[in-house]
Structures are given as C-alpha cells and as structure tokens.
Amino acid sequence: MKRFARIQTSVGPRYALVEGRSFEVLTNAPWTGLQKTGLKLPFSEDIILVPSEASKVVAVGQNYKKHAAEMGKSTPPEPLIFLISPSALNGHKQPIVLPKASHEVQHEAELALIVGKELKNATEQEASEAIFGLTCFNDVTARDIQKREHHFSRAKSYDSFACVGPFMVTELPWEDLYVRCRVNAELRQDGNTSEMTFSPPALVAFISQIMTLFPGDVVTTGTPAGVGPILHGDVVEIDIENIGVLQNPVVRPQP
C-alpha cells in the first residue's frame, strides 16, 4: 500500500509519494511509473492540493440503500450517474463556500476512485485494474436546490463543493472500509463500503460504456445514510479507513 499526494512546491504543483513525515517529489503522475526527482520536502498538510488533475468528476447517487431511503427513494436498477463540474474540485483544508442561492447545504461522505488508465467499454476486470487509488470525497450538495430542480448538476457543482483528498492510496481493498463524516467532531455519518449496491469496478465499467475515462479522473461511489446540514463556521471531516481524513472549514461570504 502506497500513499500519494499532489502538493504545491516552489516550481508549481507536483505529485509526491508520502513517506513518513516527508514528501518525495515525483517527475510525473504516479500512475505513469514511480519516478522520483530526488527532492524531499517536509510533510505539511498546508501544501496538499486536490490529489489529481481530473478532466471530469463522475458521481454516483443512491448507491447505499439506507441513504436512498432517507431521501425517499429506492435503489436504482442500474447506477445513477451525474457529472460535477471540475471547477468545483476543492482540496484538503480549503474552505467550502456556501452560495447565496442556497440555505440548505449538506455534507455527503464518500469513497472516491482515481482512474489511472484511459478506459472505454471496459469489463469489470479491466475497470478494477484501471483504478489507481482510493481517496476521500465530500459531495457537498445544495439540497434545497436539488429538491426544487430534481436535478443534480447545479446543486453539486458550486465552486468548492467537490472536496477531495488528501491522499490517493493504492493497493487498498475497497470491500470493507468505514466511511464517516464528522462535523465539529460530532459523528454524523458512519457507514461501510460493504453496504454499496454497485461495486467500484462495476461503476467504473458502467461509466466507461458511456464516456471515456482518462487518467486522473475522479469517480465517486455514493454516500451512506446520515447526510445533514453544514453551516458557516463548521469544520467538516471525511474519514475513510486506511486512507486519511479530509478536512474543510465552511464559510458564508459576507453580503
């Protein structure tokens, strides 16, 4: 199991291997091969960026039965997918900015997948092999807008809403990982990836039948039950077993 991050350096963003309390800077994205530059930097959470340069974020809804039930819906017969604008991507410790148009913004803790190979019309086996790493995701949602419009794009794509990171972890089995959300240290969501209806390989294979996935793309896997509100001044943490904790403060700009 290896842990990777994308970090800010004096020469711009770079991928790095996390080794203890240091970053070993790489020449290229880690899915192209582990090529080290020889430069080591002290570990700091303050320089961690969004973990990959994604051309798109493909999200999955209602993949946990209990969450579907709390939304008043049933589990769909096939994966329910939607797109989140890449401009919504937000890194570790960066603020979630509450939009003026919404007064019911909620957290959604999710396991996310980082694609490491170009993929089109893949089998589940090919999809499994193309998943480079696992990471934490907070699918922040303007729930009042979603309810009003019955669509997902606007409610999920506000700048700063797609929180992801801090690390990409490789060679980590996905089948039995806790997925938790805490708001101001209070446990809000406490699920497990074993509760998913559609597995990560099944999701990636399904998506690849529709659109080509490219290295660095992010695929989410749905949220367990317990979604709830986040307010100005809150600190939201997404904690996934053996991956890490994604932390973001919540702010509402002054009028």
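Residues numbered from 1 in each chain as written. Predicted model: local features only at pLDDT ≥ 70, side-chain atom pairs only at ≥ 80, totals over all residues. Heavy atoms only, no water.

Peer 1: Explain the pattern of salt bridges to me, please; I cannot follow it from the model alone.
Peer 2: Here the idea is simple: oppositely charged side chains can pair when their charged atoms come close. Under the defined criterion, the tally for this structure stands at eleven salt bridges. Residue Glu-108 is joined to Lys-156 by a salt bridge in which the shortest nitrogen-to-oxygen separation is 3.3 Å. Linking Glu-108 in the loop between β9 (105-107) and β10 (109-115) with Lys-156 in helix α4 (residues 153-156), this pair joins segments that are 48 residues apart in sequence. In this structure, Glu-108 and Lys-156 share a single accessibility class: buried. Measuring nitrogen to oxygen at the nearest pair gives 2.9 Å for the salt bridge that ties Asp-139 to Lys-156. With a gap of 17 residues between them, Asp-139 in strand β11 (residues 131-139) and Lys-156 in helix α4 connect regions that are remote in the sequence. Residue Asp-139 shares its accessibility class with Lys-156, and that shared class is buried. (Salt bridge = Lys/Arg side-chain N within 4 Å of Asp/Glu carboxyl O. Helix = DSSP H or I, 4+ residues; strand = E, 2+ residues; numbered from the N terminus. Buried < 20%, exposed > 50% of the residue type's maximum accessible area, 1.4 Å probe, protein only.)

Peer 1: So what exactly am I meant to see when it comes to empty space enclosed by the protein here?
Peer 2: Which parts of space are left empty comes out when a probe the size of a water molecule is rolled across the atoms. Taken as a whole and judged by the stated rule, the model has one cavity of 30 Å³ or more. Quantified by volume, the largest cavity comes out at close to 120 Å³. Every residue lining the largest cavity is counted, 16 residues in all, and those nearest its centre are Gly-61, Gln-62, His-67, Glu-108 and Phe-152. Of all the elements in the fold, those that place two or more residues in the lining of the largest cavity are β5 (57-61) and α3 (143-149). A per-class count over the lining of the largest cavity returns four nonpolar, six polar and six charged. (1 Å grid on protein atoms, 1.4 Å probe; cavity = no way out; pocket = protein on both sides within 12 Å on 5 of 7 lines; lining within 4 Å. Points joined across faces, edges and corners; volume = space filled by probe spheres on them. Nonpolar A, V, L, I, M, F, W, Y, C, P; charged D, E, K, R; others polar.)

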